Amino acid sequence: MNRMIKKTGILFGVFAAALLICFFLNRRWSGESEAVYVNMGEAALPVVSVEMFGRKMNPMAGYCQEMEGPSVGESLTILPDNRQLPVDIDLAADGILGIRYEIRSMDQERLVERTTVEDWSATEQGLRAVLPIQNLLTMEREYLLRLELITEAHGSVYYYTRILWTEGTTAQPMIDLAAEFSEKTYDYEQARELVTYLETSPSEDNSSFGSTSIRSSFSQLTWGKLKLQPEGEPQVTLKELDGIMCSVGVSRMAVRQTEDDRSERYEVQEAFTMKWNEQRTYMMDYSRQADQIFEGSKSEFSGKRIMLGITNDDQVEAVKSPSGKLTAYRVNRELWSYNEPERQAVRIFSFRGNDQADMRNNYSRHNIRILSAADNGDVNFLVYGYMNRGNHEGHMGIVGYHYDAQESLLEELYYIPWTRSYEELAEDLDKLVYQTEGGMLYLYVDRAIYGIDLRSRENIVVADALTDGSYAVSSDRRRIAWQDGGELYGAKTLHLMDLDTGEKLEISGAPDEYVRVLGFVGRDLVYGKAGETDLWVINGRIADLPMNTICIINDRMEEETRYERQGCHIAGVRVEDSRVHLNQVIRVSEGQFVPDREDTIVCNADVSSGKLEGIGWYASQDKGKLYFVQLGSDVKGRVRFSAPKNVSCEQSDELDLKSNYEVQGMEFYAWGGGRLLTVTMNFTEALQAAYDSMGFVTDSFHRILWDRVNRGGLRALQRPEALFAPVQRHLEEFAGSRMYGDGYAVLDARGCSMQQMLYFIDQGIPVMAYTGQGEYLLLCGYDQYNVTVYNPRSGETWKMGLNDSTEYFKNAGNDFICAIFVQ
């Protein structure tokens, strides 16, 4: 299989080279500020948008591979009343041979419609077609639409959006508000109309124009003294519509003229969360991110700094070679290197082209991770996410590259396909990406850690079944530890591995003991041992596994510290920097514990300095916080600029990373600020992650399970016991959050607050609130002052004040079980 893939890669590489699809334009600065552009051939796939409310919206990038639709359905399209959906196919070449589409349920189990479009017409930008969606949809229910373009050059190209046929009229005014709000921020006088939407706070950080929020100052919102102006048309995307809640994203380019008449360009992305009512639309949350495009001009190299400009922490990274003479740095999805003794700057990789207005040049669903930098100028790195152009255009995945400085050659080593969203892939790789000096690459992907031998391109599964809390990675990414079997509270063995040396240590307790991974302090592993009978069960669900011993394994794979206290167990362990915080509890009966006191272990381990090592910033009077790469010596004399002269794809292999593990239980996706915040198997963690940004929580099929904004001011449920009955029948076997075959998602919400539970009451299902071991009440109504409580044992109903009830249930452990019917 690999041999076939390699042969195919060689043939394709020859073909690509013949057509000049892959070549690098090498320019040098010669007195003027001149950017060095990496040319991988022009992007060829069309961009598809929909017409919605008289506005061109929801631009979609094309995929040359079939994707797991719900995860890449980044936009929501509201269908017209007659369901005839106009789509614009922009930047299309002449080779569109056919158009068809299919509509499926969000879990993709049910095919609703598959239709071939017979006619389309030419426009100035490309083509327009109308999708004649049939009357097979249920109103107020989301579906997944996959549009397929059959092209002459690329075969089938797929585009994904969620669709909704609704009688509601709330979406258009909120979309219009988002677009107008964005436009007015560039005009100080017009922006005065926006003051009513702000929640300016004196504690908000207004130091950087890279990040702005609803709590920022008016000056921050209107760009201060930057005099920034919009460039080109904005791209407006409807992200979500859930009742009275609407989430909209606006992205665009902006430009600033400097005093020496240079043009600085910025990518600006805004996220709006709004709430509609009959009187007005409320801005519930607003965030804006601005990132300056690094031009690579002589003015950016000065003193001991390479100025990166206005940007954000997640957009920059620097890695130095062993001697420090070479610095490889990532800025806003471009990779550069700078050789200090030779004053040589190389733009190693970028998907950007000369046409700043082309969405495909600035599509942001990818990033770069630097793996290593050598004194001779060589750099190893990954590009991951959506491939905007080049020989993998239209594919989602990971591409490994090696830049050979002496040969001025960029070599593609391997390609790893991925069929879910960029955000999920980025979150996985944030957990672990590490390349050893011996040529082994370790990646965390889809709840497994893989080891890839870069010489043979063979890969192995190092660890799988990595459920939340059952594994840990050291801060320097050089050590990993994991429990066997994927069970958080039932592992008999754990493993510690040094990725640099390959050394492994297997740790087990006594025959009647479980072991738990607790985290790393620097490179030192913290783990615990607990008795099999020490599971802490509260109201029928496991709350914790209190341990009798805490151990710390040092850098030499030896036990360095042991913590235990006679008569006490240890629960709620948190590892933070060089400290281990723990709660001592006392066992009162089997499965039952009571709190005792808190304690802290202070360690002497060296804790890594973090991701921004080699990156600095200073405050400019007009531009605010400006980032820079810190150099070891002053830049003296002329800086020479270049890019790789050649690119090679011939030796690239396609690697298929697969483990045998399937996730047991539900995964929860927390959304806020127009983006995915986290993926977790704990519903409470997802809710808390989404809460501050007025966000929402979905399942893996993007079906909303909880929404902070979409809730009315009052609700009273009649006959609460009957309404709760469909949930009640699942509780005898209930051990954790689960989706049942009758359409009910029953959720373990232990740790949430009472007021966070009101959403489920608004959805028509009472919330079960435990008051003691096995005793519970049903929350079945609320208004702006009270919550209504029903006692199923006595049949009594009464009201409690919101504040009083919040405190009451907090003292009872905030132990809730809630449910929602998922269509």
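Quick caveat: nothing in here was measured; it's all calculated off a predicted structure.

The rules behind each value
Residues numbered from 1 in each chain as written. Predicted model: local features only at pLDDT ≥ 70, side-chain atom pairs only at ≥ 80, totals over all residues. Heavy atoms only, no water. Pairing = 2+ DSSP bridges. Helix = DSSP H or I, 4+ residues; strand = E, 2+ residues; numbered from the N terminus. Axes fitted to C-alpha atoms, helices over the stretch in contact; angles between N-to-C directions. Buried < 20%, exposed > 50% of the residue type's maximum accessible area, 1.4 Å probe, protein only. Contact = heavy atoms within 4.5 Å. Polar contact = N/O pair within 3.5 Å; in protein donor to acceptor, adjacent residues only side chain to side chain. pLDDT = per-residue confidence, 0-100. Phe/Tyr/Trp six-rings, centres within 6.5 Å; stacked < 30°, edge-to-face > 60°. Lys NZ or Arg CZ within 6 Å of the ring centre and 35° of its normal.

### Some remarks on the sheet that holds strand β7 (residues 120–122)
Two strands in a sheet stick together by hydrogen bonds in their backbones, pointing the same way (parallel) or opposite ways (antiparallel).
Here is step 1 of the chain: A sheet is described by the order of its strands in space; here five strands give the open sequence β2-β1-β4-β8-β7, paired in antiparallel fashion. At either end of the open sheet lies a strand with only one pairing partner, and these are β2 (55–60) and β7. Averaged over all neighbouring strand pairs, the angle between strand axes comes to 30 degrees, with direction disregarded.
Here is step 2 of the chain: Relative to β2, strand β1 (residues 47–52) runs antiparallel, the two sharing four bridges. Residue pairing for β2: M52 is matched across the bridge by R55.

### Some points on the pairing of strand β24 (residues 396–404)
Here is step 1 of the chain: β24 sits mainly inside the fold: nine of its nine residues count as buried.
Here is step 2 of the chain: Of the two faces of β24, the one holding M396, I398, G400, H402 and D404 and the one holding G397, V399, Y401 and Y403 are both buried throughout.
Here is step 3 of the chain: Bridge count for strand β23 (residues 379–386) against β24 is eight bridges, and the pairing is antiparallel. Counted as the bridge partner of Y384 is I398 from β24.
Here is step 4 of the chain: Here β24 runs beside strand β25 (residues 409–417); their pairing, made up of eight bridges, is antiparallel.

### Here we look at the environment of K56
Here is step 1 of the chain: Among the structural elements, K56 can be located in strand β2.
Here is step 2 of the chain: Accessibility expressed as a relative area gives 39% for K56, which makes it partly exposed.
Here is step 3 of the chain: Leaving out residues up to four positions away in the same chain, K56 has contacts with S49, V50, D88 and D90.

### Regarding the side chain of H702
Here is step 1 of the chain: Along the chain, H702 falls in the loop between β50 (696–698) and β51 (704–707).
Here is step 2 of the chain: Classification of H702 as buried rests on a relative accessible area of 8%.
Here is step 3 of the chain: Separated by 2.8 Å, the side chains of H702 and E240 make a polar contact.
Here is step 4 of the chain: For H702, the residues in contact, after removing those within four places along its chain, are P70, M106, E142, R162, E240, W671 and F696.

### Side note on the confidence of the model for the chain
Detail in the predicted coordinates should be disregarded across regions flagged by low pLDDT.
Here is step 1 of the chain: Here the chain averages 91 in pLDDT, while 94% of its residues score no lower than 70.
Here is step 2 of the chain: Contacts from residues 1–39, a stretch scored under 50 in pLDDT, to residues over four places away or in other chains number 73 contacts.

### Notes on the pairing of strand β13 (residues 245–257)
Here is step 1 of the chain: For β13, the buried fraction is high: eleven of the 13 residues fall into the buried class.
Here is step 2 of the chain: Between strand β12 (residues 229–242) and the antiparallel strand that follows it, β13, lie two residues; G243 among them carries a positive phi value of about 65 degrees.
Here is step 3 of the chain: Summarising the sheet, β13 and strand β14 (residues 263–276) pair through 13 bridges and their orientation is antiparallel. Bridging across to β14, M245 finds its partner in K275.

### So, the packing of aromatic side chains
Here is step 1 of the chain: Here the structure, examined in full by the defined rule, presents 31 aromatic pairs.
Here is step 2 of the chain: Relative to F696, the ring of W671 has its centre 6.4 Å away and its plane inclined at 15 degrees; by these criteria the two rings are stacked. Placement of the pair is W671 in strand β48 (residues 668–672) and F696 in strand β50, with a sequence separation of 25 residues.
Here is step 3 of the chain: Looking at F696, the relative accessible area reads 7%, which means it is buried.
Here is step 4 of the chain: Among the aromatic residues, those joined into a cluster by ring pairs are F294, F301, Y329, W336, Y338 and F641.
Here is step 5 of the chain: When the ring centre of W165 is taken as reference, the NZ or CZ atom of R83 above it lies at 5.0 Å.
Here is step 6 of the chain: One residue, R708, lies across the ring of Y691, its end atom 3.7 Å from the ring centre.

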